[in-house]
Amino acid sequence: MPETDLLKGKRIILGITGSIAAYKAAEITRELIKREAQVYVVMTKAATHFISPLTLQTLSGNPVITELFYERGPQETHIDLASRNDLLLIAPATANIIGKISTGIADDILTTLVLATTSPILMAPAMNEKMYYNSIFKENMEKLARYGVEFIEPEYGELSCGKKGMGRLASISKIIEAVKTALKRRKDLSGKRILVTAGPTQEPIDEVRYIANRSSAKMGFALARAAYEMGGKVILISGPTLLKPPLGVEFIQIRTALEMYEAVKERFKEVDIGIFAAAVADFHPSKAHRGKIKKEEKGLVVELTPNPDILKEIGKDKGSKILVGFAAEVEDLIANASLKLKEKNLDMIVANRISEEGAGFEVDTNIVTIISKEEAIEKLPQLSKDEVARLILKKVVDMVEAAGFEPVTSSVRRMRSPN
Ligand code: CTP
């Protein structure tokens, strides 16, 4: 799609906060307007010290809102704005606004809009290097990222204090690129329903102990979040994890492989796409003891019964739905993963060598090789799990487009709700 069409008519709220980089918001507004977007500028009080609302009003052609309580004219209220926008971009975003939003504070017009909006949110931080690397700030940013806020990394360069460092607002072109990507992504999976499995399953030996596979659920959660950000309706079925479910995603928590199997069987019929990232335990103790087994010197023998291979069972009758699996391997990565792809009737498999540094359990990055049904093999470099998720979903979108199928969900959704 040409870039002008991508931005044309799109309603973008541009939030400006109190950083010296606020003057660059004028240029951002110009660039968005040039691409025929509709820009609604919202400024914090601090931002108005750095750049005049009149400048932004003139450039955007729309009234600029600076107060939570303002005389309501014929123009839209902030809630109207929040419910109709396609994207909310905060540039520059100060450490203060990021901190406030991360704790749910809504004490001015911009923070209120953030809580009220259902559109994707992009933030371009700008601040002093010391602030950027501050642990409290980092934690706030990570928390928002978990909720689906996307950050446009600042750059290294001259800062307002005169020193060089990290924290300069990203270049205008990078910000516009990020806006385009976010808008495009939003559309890619709209109207599609996606089921994602994630995390470990726990198989009880008694009421205290269990056996499980190692898994933090990070990859599956990243996939669910990315699928939602791309406009999909997402059902996330996960085993126990410390992670919080991404915003906007239907979350089903299970414990055992059998519970996951039941939940998947129940919900798979409603979806177009299944992505199986769970580290399902292959066995469960044949007998789960009541109470706590007392330790004995002679040790303990636990008999294990195989669990159903959920993905394989689902693959047997998948019809035209798209099915993506994962393969956790120690050796013979491609051969083993390709075998799983065939045996489980998948459209694509994401293989990772769990022994590789920067891949696998508990870490935030992954190194994967994607193998398609047509045996195309693509090894990706070490990337964050969020990036890996987006790339996997991009491939899924390509498959959806190539198949050209009508989502099975349209009829299901029509039955459930008028919209
Ligand atoms: N899987 C599943 N149910 C199981 C086991 C695996 O749904 N009982 C899914 C996983 O979510 C993953 C794929 O099957 O998408 C492959 O899982 P993996 O653990 O790599 O392989 P297994 O099939 O269990 O084979 P093995 O443990 O022998 O490597």
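Definitions and cut-offs
Residues numbered from 1 in each chain as written. Predicted model: local features only at pLDDT ≥ 70, side-chain atom pairs only at ≥ 80, totals over all residues. Heavy atoms only, no water. Axes fitted to C-alpha atoms, helices over the stretch in contact; angles between N-to-C directions. Helix = DSSP H or I, 4+ residues; strand = E, 2+ residues; numbered from the N terminus. Parallel < 35°, antiparallel > 145°, perpendicular 65-115°, else oblique. Contact = heavy atoms within 4.5 Å. Nonpolar A, V, L, I, M, F, W, Y, C, P; charged D, E, K, R; others polar. Pairing = 2+ DSSP bridges. Domains from an automatic or database assignment. Polar contact = N/O pair within 3.5 Å; in protein donor to acceptor, adjacent residues only side chain to side chain. Core = buried A, V, L, I, M, F, W, Y, C linked by side-chain atoms within 4.5 Å. Buried < 20%, exposed > 50% of the residue type's maximum accessible area, 1.4 Å probe, protein only. Near = heavy atom within 4 Å. Areas by Shrake-Rupley, 256 points an atom, 1.4 Å probe, with all protein chains shown as cover.

Looking at this model, I keep getting lost on the packing of helix α2 (residues 24-34) against helix α4 (residues 53-60). Mind explaining?
Packed helices, taken two at a time, are described by the angle their axes make and the gap between the axes. The contact between α2 and α4 brings their axes to 9 Å, and the two run at 10 degrees. Judged by the angle between their axes, α2 and α4 are roughly parallel. When α2 is examined against α4, the residues A25, A26, T29, R30 and I33 are found in contact with a partner set consisting of L56, L59 and S60. Its residues assigned to classes, the contact of α2 with α4 comprises 5 nonpolar, 2 polar and 1 charged.

What should I look at first to understand the environment of Q253 in this one?
If you trace the backbone, Q253 turns up in strand β12 (residues 250-253). Look past the residues within four positions of Q253 in its chain and what remains in contact with it is S238, G239, P240 and T241.

How should the sheet that holds strand β3 (residues 87-93) be read in this particular structure?
The strands that make up a sheet are held in pairs by hydrogen bonds between backbone atoms, and each pair lies either parallel or antiparallel. A sheet is described by the order of its strands in space; here 5 strands give the open sequence β2-β1-β3-β4-β5, paired in parallel fashion. A strand with exactly one partner marks an edge of an open sheet, and here the two such strands are β2 (38-43) and β5 (150-151). Strands in contact with helix α10 (residues 172-188) are β1 (11-16), β3, β4 (121-125) and β5; relative to β3, the strand with the most contacts, it is inclined by about 160 degrees.

Can you help me understand the domain arrangement of the protein chain in this one?
Many authors give the size of an interface as the accessible area that is lost as the parts come together. Domain parsing of the protein chain yields domain 1 (3-184) and domain 2 (193-402). Centre-to-centre, using C-alpha coordinates, domain 1 lies 36 Å away from domain 2. Contact with domain 1, which involves 6 residues of that partner, is made by 7 residues of domain 2. The interface formed by domain 1 and domain 2 includes 0 residue pairs in polar contact (both at pLDDT 80 or more).

Sorry if this is basic, but what is going on with the nonpolar core here?
Side chains of a nonpolar character, in soluble globular proteins, are inclined to be buried together. Counting 35 residues, the largest nonpolar core has L223, I275 and I392 as the members making the most contacts within it. Where this core is concerned, the elements lending two or more residues are β8 (193-198), α11 (218-229), β11 (233-238), β13 (273-276), β16 (322-329), β17 (348-353) and α15 (385-403). If we skip the residues at most four places from it in the chain, L223 touches V196, I275, A277, F326, A389, I392 and L393.

What is the right way to read the sheet that holds strand β19 (residues 369-372) from this model?
Reading across the sheet, the 8 strands line up as β12-β11-β8-β13-β16-β17-β19-β20 and stay open at both edges, with mixed pairing between neighbours. Two strands in the sheet have a free side with no partner beyond their single neighbour: β12 and β20 (377-379). The mean angle between the axes of side-by-side strands here comes to 15 degrees, regardless of whether they run parallel or antiparallel. Of the pairings in the sheet, the one linking β16 to β17 comprises 6 bridges and is parallel in character. Paired with A327 across the bridge in β17 is A351. Contacting β8, β11, β12, β13 and β16, helix α12 (residues 257-268) crosses the sheet at an angle of about 175 degrees to β8.

Teacher, can you tell me more about helix α6 (residues 95-102) here?
Most of α6 sits out of view: 7 of its 8 residues are buried. Among the residues of α6, those classed as buried are A95, I97, I98, G99, K100, I101 and S102. The elements touched by buried residues of α6 are β3, α7 (109-116), β4, α8 (129-132), α9 (135-146) and β5. Two residues or fewer past α6, G104 is found with a positive phi of approximately 80 degrees.

I keep staring at the site of the ligand and nothing clicks. Help me out?
As a structural note, the neighbourhood of the ligand is formed by 14 residues, with F276, A278, F326, K340 and K344 the closest of them. Between the ligand and F276, the relevant distance is 2.6 Å, taken from an oxygen atom to a main-chain nitrogen or oxygen of the residue. In the model, an oxygen atom of the ligand is placed 3.1 Å from a nitrogen or oxygen of the D282 side chain. Burial of the ligand by the protein chains amounts to 78% of its free accessible area of 570 Å². Taken together, the elements giving at least two residues each to the shell around the ligand come down to α13 (310-315) and β16. The element that contributes the greatest number of residues to the shell around the ligand is β16, accounting for 4 residues. Of the residues assigned to the shell around the ligand, the class counts are 9 nonpolar, 1 polar and 4 charged.

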